[in-house]
Amino acid sequence: MNNENRIIKGGYLSENEYIVEAFNLTKAWGDLVAVDHINFEIKSGEIFGFLGPNGAGKSTTIKMLCTLYLPTDGRATVGGHDIVQEAEEVRKIIGYVPQDITVDGRLTGYENLEFQASLYGLKGKEKEERIEEMLKLVELGQRADGLVDTYSGGMRRRLEIARGLLVEPQLLFLDEPSLGLDPVSRKSIWEHVARLQKKKGKENFAIFMSTHYMEEADRLCSRVGIIDRGRIVALDTPANLKKQIGGEIIEIDVDSARIKRAMKRFEKFGMEDQSNRFIEKINQVGDSTIAIEVKDTDTALPKVFKIASENNIEIQQVHMRAPSLEDVFIHYTGKTLRDEDASDVMGFIKSQISKRLRSL
Amino acid sequence: MIGGIEMLNIEFDFEAIKGIVKRELIKYFRNKQQIVSSLIMPTIFMLFLRPGFAGIGGAGSEAYIMDYLGAGIICMVIIMSGIMLSGMPILFDKMMGFQDIYAVAPVKRRNLVLGFLIGGALKSCFMSSVVIIIGLFTGLFPYDWGLGWGGMLLSIIPLAFTIFLGAIIYACIGLCIAARTDMTNAFLWNNLINMPLVFISGAIIPVDAFEASLPGSQYIFFLNPTTFMADSIRTFLGGTEGIPASTAGVFFNGNLLAGFALDMLIMFGFGALLFYLAFRIFGGSLQESSGGFAGVIHKKSAEARKKWFKDLPPEDRDIMMKVTSKVNMLQMGQIMQLAGEGKQDVAAKMLKDAGLTDEDIQKFWAAGMRMMEQMREKRVCE
Ligand SMILES: Nc1ncnc2c1ncn2[C@@H]1O[C@H](COP(=O)(O)OP(=O)(O)OP(=O)(O)O)[C@@H](O)[C@H]1O
Ligand SMILES: [Mg+2]
């Protein structure tokens, strides 16, 4: 056993500045390959974001790194420790906020945090101070002695995040932390994270988060990985990702009933003909909105109008902009995230309940 | 076996154990409905069985049967509450995803298991104490008040000891069930395991009576820890008229204390076995990987590896078997990858660190090349 550990520590992957290294990391359940040989590393001090549509494998990756799932293939280290063979060492440096709400409804808010503190060896005065601080941060001080069953969905989510932040880990896994939070709570939590990073020193703190909030990922993450069907399809800083797809976006609003036909027309006349191809990619981004990626709007715009008039497409609105992270996301995955409005708290709770019922 | 050795080497994490026990107890005492409803069944048993049996057997049999059944009812309470009260919260935690919260915590698995065991056992002890107290003070339970309060206090200590040990035993069983099932099937398993534990034991029916009508059946009864728990409880609570108070005591010319000691010894045996199982099964279920047993999972057995390499020429097979006995599959993947990237020196260093000689490593590369070649041909053919 000792011999094995020595090989790993002296081996190829560990003993450098990376807090996470994944090497062909894979998880499969039978034929379903949730995470498919992904490779990436995270430096200390980074906020690393995972973007991906539902079922892409974000949570599965996080759970493997948190030692909850055993990889089917490949390996990964966290803080230089192998996630399978040195799971106990890994657990000492990580914190985990799951995607599902898991706070215990039959305990009070305070008791929930106290339980977490006991698992991480916090005690006495330090424990009480830390809990008080966290309750204040998520504005649950007033309700701390009420049963969590009587909390609203957003309050539970806030408590959940307070529980994750309570133990001040070196590496914090946040699985869709903003899901179900109002903008004010989100803001105060990210401010706290920034404070925590300052307090612990940049080199001692990293965050691995998955999110559906593009602007949040854009603003907060130092690097973003886009994952689709278990594979990382792009990974870079948000700025570079946007630069990579290059060009600009023309968004046009058309009649929603005829949008499919309009897209086909643009494809036919703007992309398929190699000699006067000016469109890079076409995506539907809403019920009646088409996003057209072009190299240069100045020359492309007249062509768009020309195609529209020749094909009887009525353009109701035009909007031009630089590509956002969302465009990058759509570019790589062909999916929008708009259909699942992440701020819809009730929808989130409902999906939670139906998930529970299905598991019964 | 590694687990067995590691189990003895417990580093107690008292904070975590305390935290888990506290959570279990808070939730239990907060749920008044559960407490009251679970006390109803044993009370009904006490209220109606006694006159009922008296009616069947005629005068005199009432005390006789009830003396015996009194201990049996307590056993039933310990078994049912031990299994239910330790298992149910775990099933809930699993369903709600709460289990992930303590599974990712830096607490040794055995401390988690201990926390839940102690929490479950304490709840079960509380329940059985309440039943005993109700029974004693309503006169529904037989107690030989001839010994007075002093005798009662003296018998409380061994009684409490028996009950706690019993509660731990059944809490272990509860944890094992909870680890292997989910909410839907829990009741099924619960009944399947509960019933034989209660009825194929000396708790309700005297072992001697069974042995008399079905010779040899006592050995089946002796496989059940309940037999010894019932015997021990009966030693201190009831069993005054006709039936030897302690079956085990018979072996020692009716010396009750020696009988009690024997009962305890056997229960300890059961306890140790079940504790080991709870540790393995529940501890292991906390995540798919059992972090406590490093390295065990990824080393495949020699038989499994033989199957993989069965198509190779004999000398290649030998070297592959040798390498895979020193290097686990994760490292193997890493070595292959390194070799593929042209970093053979790093890969060779890993192999050397694993205890392979230079000659072995050369042979391994050669064998590896041949294997790759073979695989490529196969693919071309297909
Ligand atoms: N325990 C499990 N057993 C079987 N399949 C699973 C399990 N957990 C996840 N999967 C499957 O793995 C795939 C990836 O799931 P995962 O939860 O990682 O997605 P995700 O990227 O987090 O998606 P979301 O945005 O919806 O949270 C899905 O197809 C899912 O059905
Ligand atoms: Mg997820």
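Residues numbered from 1 in each chain as written. Chains lettered and ligands numbered in written order. Predicted model: local features only at pLDDT ≥ 70, side-chain atom pairs only at ≥ 80, totals over all residues. Heavy atoms only, no water.

Peer 1: Could you give an account of the coordination of the magnesium ion (ligand 2), with specific residues and numbers?
Peer 2: Looking at the magnesium ion (ligand 2), one finds its protein donor set to be Ser59 of chain A (OG) and Gln99 of chain A (OE1), positioned 1.9 to 2.0 Å from the metal centre. With Ser59 of chain A in helix H2 (residues 58–65) and Gln99 of chain A in the loop between strand E6 (94–97) and helix H4 (109–119), the pair connects residues that are 40 residues apart, well separated along the chain. (Donors = N, O, S within 2.8 Å, 3.2 Å for Na, K, Ca; no water. Helix = DSSP H or I, 4+ residues; strand = E, 2+ residues; numbered from the N terminus.)

Peer 1: Describe the confidence of the model for chain A, with residues and values.
Peer 2: All names here are of chain A. With 88% of its residues at a pLDDT of at least 70, chain A reaches an overall mean of 83. Between the elements of chain A, mean pLDDT differs from a low of 34, seen in helix H1 (residues 2–10), to a high of 96, seen in H4. Segment residues 1–16 is flagged for pLDDT under 50; beyond a separation of four residues in sequence, or across chains, it makes 42 contacts in the model. Predicted confidence for residues 338–348 stays below pLDDT 50, and this span has 15 contacts to residues more than four positions away or in other chains. (pLDDT = per-residue confidence, 0-100. Contact = heavy atoms within 4.5 Å.)

Peer 1: Hey, could you go over the sheet that holds strand E12 (residues 279–284) of chain A for me, with residue numbers and the actual values?
Peer 2: Residues and elements named next belong to chain A. The strand order across the open sheet built from 4 strands is E12-E13-E11-E14, with neighbouring strands paired in antiparallel fashion. Each edge of the open sheet is held by one strand with a lone partner, namely E12 and strand E14 (317–321). Looking at each pair of strands side by side, their axes are set apart by 20° on average, direction ignored. Here E12 pairs with strand E13 (residues 289–294) via 5 bridges, running antiparallel. Its bridge partner being in E13, Asn283 is matched across the sheet by Ala291. In the packing of helix H11 (residues 297–310) onto the sheet, contacts are made with strand E11 (248–253), E13 and E14, and the angle to E11 comes to roughly 25°. (Pairing = 2+ DSSP bridges. Axes fitted to C-alpha atoms, helices over the stretch in contact; angles between N-to-C directions.)

Peer 1: Give me the lowdown on the side chain of Asp100 of chain B, citing residues and values where you can.
Peer 2: Among the structural elements, Asp100 of chain B can be located in helix H5 (residues 99–103). On the basis of relative accessibility, which here comes to 18%, the residue Asp100 of chain B falls in the buried class. Asp100 of chain B has contacts with Lys63, Leu68 and Tyr96 of chain A, leaving out every residue within four places of it along the chain. (Buried < 20%, exposed > 50% of the residue type's maximum accessible area, 1.4 Å probe, protein only.)

Peer 1: Run through helix H9 (residues 238–245) of chain A, naming residues and quoting values.
Peer 2: Since there are 3.6 residues in each turn of an α-helix, residues three or four apart along the chain are aligned in direction. All names here are of chain A. Turning to H9, its buried residues are Pro238, Leu241 and Ile245. The arc that holds the buried residues of H9, viewed along the axis, is 60°, so those residues lie on one side. The first or second residue beyond H9 is Gly246, which carries a positive phi of 60°. (Arc of directions from axis to C-beta.)

Peer 1: Summarise the site of ligand 1; cite the residues concerned and give the values.
Peer 2: Residues and elements named next belong to chain A. Near ligand 1 there are 15 residues, and of these Gly55, Lys58, Ser59, Thr60 and Gln99 occur at the shortest range. Take Thr60: an N or O atom from its side chain is 2.5 Å from an oxygen atom of ligand 1. Measuring from an oxygen atom of ligand 1, one finds a side-chain N or O atom of Gln99 at 2.8 Å. In the complex, the protein chains occlude 66% of the 630 Å² of accessible area that ligand 1 would expose alone. Those elements giving two or more residues to the shell around ligand 1 turn out to be strand E2 (32–43) and H2. Per-class residue counts for the shell around ligand 1 are 6 nonpolar, 7 polar and 2 charged. (Near = heavy atom within 4 Å. Polar contact = N/O pair within 3.5 Å; in protein donor to acceptor, adjacent residues only side chain to side chain. Areas by Shrake-Rupley, 256 points an atom, 1.4 Å probe, with all protein chains shown as cover. Nonpolar A, V, L, I, M, F, W, Y, C, P; charged D, E, K, R; others polar.)

Peer 1: Just give me the short version of a positive patch on the surface, but keep the residues and values in it.
Peer 2: Together, Arg258, Arg261, Arg265 and Lys268 of chain A line one region of the surface with positive charge. With respect to the helices and strands, Arg258 of chain A occurs in the loop between E11 and helix H10 (259–272). (Patch = residues over 30% accessible without salt bridge, like charges linked within 9 Å, V, L, I, M, F, W, Y side chains within 5 Å. Salt bridge = Lys/Arg side-chain N within 4 Å of Asp/Glu carboxyl O. Lys, Arg positive; Asp, Glu negative; His and termini not counted. Charge placed at Lys NZ, Arg CZ, Asp CG, Glu CD.)

Peer 1: Any details on the pairing of E13 of chain A? Residues and values, ideally.
Peer 2: Residues and elements named next belong to chain A. In terms of burial, E13 is a largely internal element, 6 of the 6 residues being buried. With burial as the criterion, each face of E13 is covered, one bearing Thr289, Ala291 and Glu293 and the other bearing Ile290, Ile292 and Val294. Pairing geometry for E11 and E13, over 6 bridges, is antiparallel. Pairing of Glu251 across the sheet is with Ala291, part of E13. Where E12 folds back onto E13 in an antiparallel hairpin, the turn is made up of 4 residues.

Peer 1: I'd like to hear about the packing of helix H2 (residues 14–30) of chain B against helix H6 (residues 109–137) of chain B, residue by residue, with values.
Peer 2: Residues and elements named next belong to chain B. Where H2 contacts H6, the axes come no closer than 8 Å and their chain directions differ by 35°. Where H2 crosses over H6, the two elements pack in a sense that is right-handed. Contacts from Ile17, Ile20, Val21, Arg23, Glu24, Leu25, Tyr28 and Phe29 of H2 reach H6 at Asn111, Leu112, Leu114, Gly115, Phe116, Ile118, Gly119, Leu122, Lys123, Phe126 and Met127. In terms of residue class, the contact of H2 with H6 is built from 13 nonpolar, 3 polar and 3 charged. (Left-handed = near helix turned anticlockwise from the far one by under 90°.)

Peer 1: For the pattern of salt bridges, give the residues involved together with the corresponding values.
Peer 2: Any two side chains of opposite charge can pair if their charged atoms end up close together. Taken as a whole and assessed by the stated rule, the structure comprises 29 salt bridges over all chains. A salt bridge links Lys63 of chain A to Asp100 of chain B; the shortest N-O distance between them is 3.8 Å. Highlighted residues: Lys63 of chain A in helix H2 and Asp100 of chain B in helix H5, drawn from two different chains. Across the pair, Asp100 of chain B and Lys63 of chain A agree in class, each one buried. Glu251 of chain A is the salt-bridge partner of Arg321 of chain A, the closest N and O atoms lying 2.5 Å from each other. With Arg321 of chain A in strand E14 and Glu251 of chain A in strand E11, the pair connects residues that are 70 residues apart, well separated along the chain.

Peer 1: Tell me what's going on with the sheet that holds strand E3 (residues 47–51) of chain A, and back it up with residues and numbers.
Peer 2: Each strand in a sheet pairs with another by means of backbone hydrogen bonds, the pair being arranged parallel or else antiparallel. Residue and element names in this part refer to chain A. The mixed open sheet is built from 6 strands, whose spatial order is E6-E7-E8-E3-E9-E10. Looking at strand neighbours, the two that pair on one side only are E6 and strand E10 (231–236), the edges of this open sheet. Between one strand axis and the next, the sheet turns by 15° as a mean value, whatever way the strands run. The pairing of strand E7 (residues 171–175) with strand E8 (residues 206–210) spans 5 bridges and is classified as parallel.

Peer 1: Outline a nonpolar patch on the surface, listing residues and values.
Peer 2: Residues Val36, Ile40, Ile44, Leu47 and Phe48 of chain B make up a contiguous nonpolar surface patch of roughly 480 Å² in combined accessible area. Within the fold, Val36 of chain B resides in helix H3 (residues 32–57).

Peer 1: Please set out the domain arrangement of chain A residue by residue, giving values where relevant.
Peer 2: Under the domain assignment used here, chain A contains domain 1 (4–237) and domain 2 (247–322). Distance from the C-alpha centre of domain 1 of chain A to the C-alpha centre of domain 2 of chain A: 40 Å. (Domains from an automatic or database assignment.)

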